[in-house]
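Structure at a glance
Take a look at the letters that make up each chain.
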Amino acid sequence: MAVLKTGIQLYAIRSLCAENLEKGLKTVSEIGYEGVEFAGFFGHSAEEVAGWLKKYHLEAMSAHVPATEIIDHAEATIAYHKTIGNHRIVCPFLDMKTRADVEDFADRLKAVAPKYHENGMKLYYHNHAHEFVKDGGEYLIDILADLAGKQILSLEFDVFWVYRGGEDPVAYMKKYADRMDIFHAKDGTMEAGTIAGEGNVPLPAVFETAKALGMTWAIVESEASEEREAQVEAARKDYAYIRTLV
């Protein structure tokens, strides 16, 4: 079985990062996280960010990048992420409601994907619950996976949002095992997100599956609070629980 590394999506401590990104990186490093998934850079240069990653012994293991930046500003996106050492470019959200929406997005991804691949980067899509709506009898997420193809698009399943979408996270991880190496290790109920281990997402089974499939990173993300200190405390508690599973 593979040994999973533990990363954090920095949206989890967004209030601190917006105030002081370097302090946010220092904080998650001190908690024990091995890598970070960025959710914006708050105006800082790639060189600054690269320096902080080195200083706090963190890997830039991925980043959430808006679809417009991925598609319409590919060269600048590639240059920035090359500098910080990140090769996973994740689209965090797309307002898709119909098959036509998905077809348009898949076509645009296909057009730009070669630029990323030439630079050693992979494109990913991160789900919420709205992709688990059907058009023509198929979920939008499955339509996207089919139309883009595994050579173009990898998947970063957020197991909480798969659960909220009414499906089994473990089943979806197995279904797309050949295009997954990272996932969001998030917990919650049908009403809201929770601290890891306090919700209804079957995280122990998720982690056993991830290890059996040879995945490399489990990424923590809590959305339980808008208050800075509560976000940091949630990151600590999530880390403590997740480390019992890796």
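Residues numbered from 1 in each chain as written. Predicted model: local features only at pLDDT ≥ 70, side-chain atom pairs only at ≥ 80, totals over all residues. Heavy atoms only, no water.

Here the focus is the overall build of the protein chain. In terms of helices and strands, the protein chain carries 11 helices and 12 strands. Long-range contacts, defined here as pairs at least 24 residues apart, represent 79% of the contacts in the protein chain between residues at least 6 apart. A total of about 10200 Å² of accessible surface is found on the protein chain, and carbon and sulfur atoms cover 51% of it. Averaging the locations of the 26 positively and 39 negatively charged side chains of the protein chain gives two centres separated by 4 Å. (Helix = DSSP H or I, 4+ residues; strand = E, 2+ residues; numbered from the N terminus. Contact = heavy atoms within 4.5 Å. Areas by Shrake-Rupley, 256 points an atom, 1.4 Å probe, with all protein chains shown as cover. Lys, Arg positive; Asp, Glu negative; His and termini not counted. Charge placed at Lys NZ, Arg CZ, Asp CG, Glu CD.)

This part covers the confidence of the model for the protein chain. A residue-level look at the protein chain finds 100% of positions with pLDDT of 70 or above and a mean pLDDT of 97. For the protein chain, the element scoring lowest by mean pLDDT is strand 11 (residues 193-194), at 94; strand 4 (residues 88-91) scores highest, at 99. (pLDDT = per-residue confidence, 0-100.)

Before going further, it helps to examine the pairing of strand 4. Side chains Arg 88 and Val 90 of strand 4 all project onto a buried face; the interleaved residues Ile 89 and Cys 91 project onto the opposite face, where all are buried too. When strand 3 (residues 59-64) meets strand 4, the two strands line up parallel, connected through two bridges. Across the sheet, residue His 64 finds its bridge partner in strand 4, namely Val 90. Handedness of the strand 4-helix 6 (residues 99-118)-strand 5 (residues 122-126) crossover: right-handed. (Buried < 20%, exposed > 50% of the residue type's maximum accessible area, 1.4 Å probe, protein only. Pairing = 2+ DSSP bridges. Right-handed = clockwise from strand over helix to strand, strands pointing away.)

Side chains Ile 182 and His 184 project from strand 9 (residues 182-185) onto one buried face, and the interleaved Phe 183 and Ala 185 project onto a second face that is buried too. Sheet topology places strand 8 (residues 153-158) next to strand 9; two bridges connect them, and they run parallel. Looking across to strand 9, one finds that Asp 158 is bridged to His 184. Examined bridge by bridge, strand 9 and strand 12 (residues 217-220) share four bridges and lie parallel to one another. Looking at strand 12, one finds that Ile 182 is bridged to Trp 217.

Once that is clear, we can look at the sheet that holds strand 12. Overall, parallel pairing links the eight strands, which are arranged 1-2-3-4-5-8-9-12 in a closed barrel. Shown here is a sheet whose adjacent strand axes are inclined to one another by a mean of 30°, direction ignored. With four bridges joining them, strand 1 (residues 5-9) and strand 12 adopt parallel strand pairing. Among the inter-strand pairings, Thr 6 is bridged to a residue of strand 12, identified as Ala 218. (Axes fitted to C-alpha atoms, helices over the stretch in contact; angles between N-to-C directions.)

So, on to the side chain of Lys 211. If you trace the backbone, Lys 211 turns up in helix 10 (residues 203-212). Taking the relative accessible area as the measure of exposure, Lys 211 reaches 11% and is therefore buried. Within polar-contact distance, the side chain of Lys 211 engages the side chain of Glu 208 at 3.2 Å. Not counting residues up to four positions away in its chain, the partners in contact with Lys 211 are Met 1, Ala 2, Leu 4, Leu 245 and Val 246. (Polar contact = N/O pair within 3.5 Å; in protein donor to acceptor, adjacent residues only side chain to side chain.)

Of all residues except glycine, most have a negative phi; of all peptide bonds, most are trans. In this structure, Phe 42 is a non-glycine residue whose phi angle is positive, near 55°. Mapping Phe 42 onto the fold places it in the loop between strand 2 (35-38) and helix 3 (46-55). Positive phi outside glycine occurs at His 57, with the angle close to 55°. Along the chain, His 57 falls in the loop between helix 3 and strand 3. We classify His 57 as exposed; its relative accessible area is 69%.

Core analysis: the largest hydrophobic core is formed by 83 residues, its most contacted members being Leu 10, Phe 38, Tyr 125, Phe 183 and Phe 207. With seven residues, helix 6 is the single largest residue contributor to this core. Leaving out residues up to four positions away in the same chain, Leu 10 has contacts with Cys 17, Leu 21, Leu 25, Val 28, Val 36, Glu 37 and Phe 38. In terms of nonpolar packing, the next biggest core, distinct from the first, is built from six residues, Val 90, Tyr 124, Ile 182 and Trp 217 among them. (Core = buried A, V, L, I, M, F, W, Y, C linked by side-chain atoms within 4.5 Å.)

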